[in-house]
Amino acid sequence: MKNLFLISLFLISFRFDLLSAQFESNFPTLRDSSRNNGSGQESSSRTTISRNSSSLSFSDEFDAVSNCMCCLFNTLGDIIFSDEDEKEPEPEKKTPRYLDPYRLYAGLRLGMSAIISESQDYERGGVQFGASLNAYVNGFNLSAVYDYSIVSGTPNTDFVTNFSLPGNHTREFYDIPSSTSISASVLGIGLGYYFPVYEDYDGTILELGFALKANYFIIKEETEFTRDVYEDDLFTNSLELDNTLTFKKFAPGFSLSILLIPPFSDKLAFEGSLDFLIYNRTPEELLSTPLDNYEFLGLASFVFGIKYSL
């Protein structure tokens, strides 16, 4: 807009100079010529108009126009080149984003959990939610996490119990589960380290973390089933029953995490993690529940978390 205004102003000035030159050239130049016979009684005057004075010479007009055109081209050149300079600013130097090396986060967690077992009853997994508290000190991470999982299973196994009675008599229980589910509470304390792996031009920071954990967990399995009773291979009656299996243990674990710090806030952080709890329980085969009849190896979960810096 500034350049357009300067060009318009110059063109108006240039037009005004041309009009002024034309006006001066068209104005007649008068020359007086007087005759006097010396008697003092008679006088005459003659007015003459010179052919060359009625307009400017061609060379004068050409010089004026040439000077104006030179000024016009010089001015336009200055405007164009100055405009190009304005369109090409010097690139700004990128400065690294500063984050406080001492950070304390409180967060919420939501994800999916799975039972690691030889049993096929819990293959589809379940839901997990919890809370976390994390302290970061120069890349090291001290965490306290509580998670609660609910896993609903699809009964896939029937259980048969045989009894030998005196007099060569037998009794058999056929337990046919109708539903089974697991609830798990896990309290974990971990120590890990986060590596910065990526920083985008807009300030986004991505960190990769690994942590070792000590977990205390409580697992409760509930199974409802129908028991058919046979005496000497003859059906006698049917019962509706349920069994509950509960065990509490300490177990080690580890996690792999990706931490994302968005460019619009230093207070927020988003995290995705894979968590594993490792435990090997030998089947006791006392109850009609899947985990009491198949080896239990631990828990696995994929969790998304949102954290806020305190």
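A brief report on the enclosed structure follows. (Residues numbered from 1 in each chain as written. Predicted model: local features only at pLDDT ≥ 70, side-chain atom pairs only at ≥ 80, totals over all residues. Heavy atoms only, no water.)

Focus: the pattern of salt bridges
Argument step 1. Taken as a whole and judged by the stated rule, the model has 10 salt bridges.
Argument step 2. For Arg 109, the salt bridge goes to Asp 147, with nearest N and O atoms at 3.0 Å. You can see Arg 109 sitting in strand S3 (residues 102-117) and its partner Asp 147 sitting in strand S5 (residues 140-153), a full 38 residues away along the chain.
Argument step 3. Exposure remark for Asp 147: the relative accessible area of 8% places this residue in the buried category.
Argument step 4. One salt-bridge network, in which partners are shared between bridges, spans Arg 109, Asp 147, Lys 213 and Asp 275. (Salt bridge = Lys/Arg side-chain N within 4 Å of Asp/Glu carboxyl O. Helix = DSSP H or I, 4+ residues; strand = E, 2+ residues; numbered from the N terminus. Buried < 20%, exposed > 50% of the residue type's maximum accessible area, 1.4 Å probe, protein only.)

Quick look at the pairing of S3
Walk down a regular strand and you will see the side chains alternate between the two sheet faces.
Argument step 1. With 12 bridges connecting them, S3 and strand S4 (residues 126-137) associate as antiparallel partners. In the sheet register, Tyr 102 faces S4, and the bridge partner there is Val 137.
Argument step 2. Note that S3 and strand S11 (residues 296-309) share 13 bridges and pair antiparallel. Within the sheet, the bridge partner assigned to Tyr 105 lies in S11 and is Ser 309. (Pairing = 2+ DSSP bridges.)

Focus on the pairing of S5
Argument step 1. Here S5 shows a buried face lined by Asn 141, Ser 143, Val 145, Asp 147, Ser 149, Val 151 and Gly 153 and an unburied face lined by Phe 140, Leu 142, Ala 144, Tyr 146, Tyr 148, Ile 150 and Ser 152.
Argument step 2. As paired strands, S4 and S5 are joined by 12 bridges and run antiparallel to one another. Bridged to Val 137 within S5 is Phe 140.
Argument step 3. Examined bridge by bridge, S5 and strand S7 (residues 169-199) share 14 bridges and lie antiparallel to one another. Note on S7: the bridge partner recorded for Asp 147 is Val 186.

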